[in-house]
Amino acid sequence: QVQLVESGGGLVQAGGSLRLSCAASGRTFSSYDMGWFRQAPGKEREFVAALIWSGSESYYADSVKGRFTISRDNAKRTVYLQMNSLKPEDTAVYYCAASSTPWGTKSRPSEYDYWGQGTQVTVSS
């Protein structure tokens, strides 16, 4: 069992930066691949980024590639999403998730076992 709590969301101007954190409970955090998703009002949940349990491989949605970076600190049981050059279209609730399925692109919500409650990111133009 893994419980996930996101933090770090807020209001930022276009072009600005935010770093989201996702703190996990449970001794097996380091064995899970981790992902970030987002959901804007009236839209489906959208994949953002994923990171393998060891931190050695990652995968990003084309819309955030080059602007966002996913990382993790297994000793702190925390995964991060550094978001730079933010755009108004990045506005959404951001969720972190933990996956025990074999590593792949991890872009589908169905591949994840546990989810956080989400943190709001609003980018003003």
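Residues numbered from 1 in each chain as written. Predicted model: local features only at pLDDT ≥ 70, side-chain atom pairs only at ≥ 80, totals over all residues. Heavy atoms only, no water.

Caption draft 1: Geometry of unusual backbone geometry. Even without glycine at this site, Arg77 takes up a positive phi of about 55°. Within the element layout of this structure, Arg77 appears in the loop between strand S7 (68–73) and strand S8 (78–83). Taking relative accessible area as the criterion, Arg77 reaches 35% and is therefore assigned partly exposed. (Helix = DSSP H or I, 4+ residues; strand = E, 2+ residues; numbered from the N terminus. Buried < 20%, exposed > 50% of the residue type's maximum accessible area, 1.4 Å probe, protein only.)

Caption draft 2: Molecular detail of the environment of Ser107. Summarising the element assignment, Ser107 is placed in the loop between strand S9 (92–99) and strand S10 (114–115). Judged by its relative accessible area of 28%, Ser107 falls in the partly exposed class. Linking Ser107 and Pro41, residues 66 residues apart in sequence, is a C-alpha distance of 20 Å.

Everything listed here is a matter of geometry and, on its own, says nothing about what the molecule does.
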